[in-house]
Amino acid sequence: MKNKRRKYGKSIKIIDSFNHAVNGIISAVGTEKNMKIHYTVATVVLIMSLFFDFTRLEFLTLILTISLVLVAELLNTAIEKTVDLVTMDYNPIAKLAKDIAAGAVLVAAINSVIVGYLLFFDRLSEMGNIMIFKIRNSPIHLTVLAVLFVFIITIFLKLLFADKVSGTHFQGGAVSGHSMLAFCAATIISILAHNGIITMLSLLLALLVFESRIEGGIHTFWQALSGSIIGIGIGILIFQLMIR
């Protein structure tokens with residue numbers, strides 16, 4: 001019994017830690033101008049990547065580059081807040097700490113420009129030869145992008161309605177991120193599998209997630225339903241409209 005309680009307690013702590021992390025990301029995007037810019041640019045770049053036949057290595061480089069910029073900006077924000085908490089008066093050491101943190105963001109941003117140039121320039125210079133059908137044979141890339149878009153849209157909606165709903169950013173809120181991801185995954189599985197039984201099973205699992213969010217009192221029916229509809233829409237958009 002003690003071992004079970006310890007495992008349960010650890011699980012709760014992990015969920016709480018994840019919840020706090022998501023709250024931190026949303027707070028940074030909502031309050032920091034530079035973070036909003038990075039977040040917007042990252043979204044645009046991910047959308048653009050749909051139209052190019054990136055290799056796995058190129059796609060991995062793109063994701064790591066975007067992550068590096070966002071992580072650097074998050075750390076910069078955390079350092080600025082910590083310095084402001086310690087002292088509000090001018091202090092050369094405090095200024096130096098902020099400058100160094102800002103320098104880290106600049107290095108990451110310069111790196112992203114170089115990577116973006118290497119990945120996109122040649123392809124953009126031949127726009128006449130770039131067609132949407134090139135991503136037809138990239139279901140793995142599309143799946144990753146679908147999950148990323150679900151995460152991005154979830155953060156955006158929870159940020160947009162943060163002051164209008166109860167609950168933390170990660171647990172509860174405007175839409176059900178769990179339902180969104182579950183139905184997006186079910187849609188993707190249905191498109192890739194071309195099998196009625198697999199489609200039914202994937203939708204059943206998504207419905208169980210939908211039901212659990214309502215049953216647990218975390219989301220209302222309409223919040224879970226809106227998340228499900230958005231998830232299905234993202235899956236259809238990426239795997240149907242984008243490959244035709």
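Note that the structure is a prediction, hence the values are computed from the model and not measured.

**Student:** Got a minute to help me understand the overall build of the protein chain in this structure?
**Tutor:** Of regular secondary structure, the protein chain possesses eight helices and zero strands. Taken from the N to the C terminus, the helices and strands of the protein chain come in the order α-α-α-α-α-α-α-α. Looking at the protein chain as a whole, 34% of its 244 residues qualify as buried. Element-wise, carbon and sulfur atoms account for 71% of the exposed surface of the protein chain, whose accessible area totals about 15,000 Å².

**Student:** Would you take a moment to explain helix α6 (residues 177-193) for this structure?
**Tutor:** What sets the pattern is the α-helix's 3.6 residues per turn: residues three or four places apart point alike. With 17 residues, α6 ought to run about 24 Å at 1.5 Å a step, and its terminal C-alpha atoms sit 24 Å apart, in line with that. Turning to α6, its buried residues are Gly177, Ser179, Met180, Ala182, Phe183, Cys184, Ala186, Thr187, Ile188 and Ile191. Just past α6, the residue His194 takes up positive phi, approximately 55°.

**Student:** Just to check I follow, could you spell out helix α2 (residues 33-49) for this structure?
**Tutor:** Taking 1.5 Å per residue as the helical rise, α2 with its 17 residues ought to reach 24 Å, and the 25 Å between its terminal C-alpha atoms agrees with that figure. Every buried residue of α2 is accounted for by Met35, His38, Tyr39, Ala42, Thr43, Val45, Leu46 and Ser49. Along the axis of α2, the buried residues cluster in a sector spanning 165°; they form a single face.

**Student:** Honestly, the environment of Ile189 in this entry has me stumped. Any pointers?
**Tutor:** In this structure, Ile189 sits in helix α6. A relative accessible area of 37% places Ile189 in the partly exposed class. Between the C-alpha atoms of Ile189 and Gly235, which are 46 residues apart in sequence, the distance is 9.4 Å. Other than its neighbours up to four places away in sequence, Ile189 contacts Ile198 and Ser202.

**Student:** Is there a simple way to explain the nonpolar core in this structure?
**Tutor:** A general tendency of soluble globular proteins is for nonpolar side chains to be buried together. Ranked by internal contacts, the top residues of the largest apolar core, which has 32 residues, are Phe54, Leu62, Ile66, Phe120, Phe149 and Ile234. Contributions of two or more residues to this core are made by α1 (2-31), α2, α3 (56-86), α4 (92-124), α5 (139-160), α6 and α8 (221-239). The element that contributes the greatest number of residues to this core is α5, accounting for seven residues. Within the second largest apolar cluster, six residues are counted, among which are Ala182, Phe183, Ala206 and Ala224.

**Student:** Would you mind showing me how to read a nonpolar patch on the surface here?
**Tutor:** On the surface, a cluster of nonpolar side chains totalling about 640 Å² of accessible area is made up of Leu106, Ile110, Ile114, Tyr117, Leu118 and Phe121. Examined against the element boundaries, Leu106 turns out to sit in helix α4.

**Student:** What is the right way to read the packing of α2 against α3 from this model?
**Tutor:** Describing two packed helices takes the angle between their axes plus the distance from one axis to the other. Running from N to C, α2 and α3 cross one another at 170°; their axes reach a closest spacing of 10 Å. In terms of orientation, α2 lies roughly antiparallel with respect to α3. Between α2 and α3, the contacting residues are Asn34, Met35, His38, Tyr39, Ala42, Val45, Leu46 and Ser49 on the first element and Phe59, Leu62, Ile63, Ile66, Val69, Leu70, Glu73 and Leu74 on the second. Its residues assigned to classes, the contact of α2 with α3 shows 12 nonpolar, three polar and one charged.

**Student:** Looking at this model, I keep getting lost on the confidence of the model for the protein chain. Mind explaining?
**Tutor:** Close inspection of predicted coordinates is inappropriate for parts of the model with low pLDDT. Put simply, the protein chain has an average pLDDT of 77, and 78% of its residues get 70 or more. For the protein chain, per-element mean pLDDT is lowest for α1, which scores 71, and highest for α3, which scores 90. The model gives residues 128-136 a pLDDT under 50, and that stretch makes 19 contacts with residues more than four places away or in other chains. Low pLDDT, under 50, characterises residues 163-167; the predicted model gives this stretch five contacts beyond four residues in sequence or across chains.

Rules used in this analysis
Residues numbered from 1 in each chain as written. Predicted model: local features only at pLDDT ≥ 70, side-chain atom pairs only at ≥ 80, totals over all residues. Heavy atoms only, no water. Helix = DSSP H or I, 4+ residues; strand = E, 2+ residues; numbered from the N terminus. Buried < 20%, exposed > 50% of the residue type's maximum accessible area, 1.4 Å probe, protein only. Areas by Shrake-Rupley, 256 points an atom, 1.4 Å probe, with all protein chains shown as cover. Expected span 1.5 Å × (residues − 1). Arc of directions from axis to C-beta. Contact = heavy atoms within 4.5 Å. Core = buried A, V, L, I, M, F, W, Y, C linked by side-chain atoms within 4.5 Å. Patch = residues over 30% accessible without salt bridge, like charges linked within 9 Å, V, L, I, M, F, W, Y side chains within 5 Å. Salt bridge = Lys/Arg side-chain N within 4 Å of Asp/Glu carboxyl O. Axes fitted to C-alpha atoms, helices over the stretch in contact; angles between N-to-C directions. Parallel < 35°, antiparallel > 145°, perpendicular 65-115°, else oblique. Nonpolar A, V, L, I, M, F, W, Y, C, P; charged D, E, K, R; others polar. pLDDT = per-residue confidence, 0-100.

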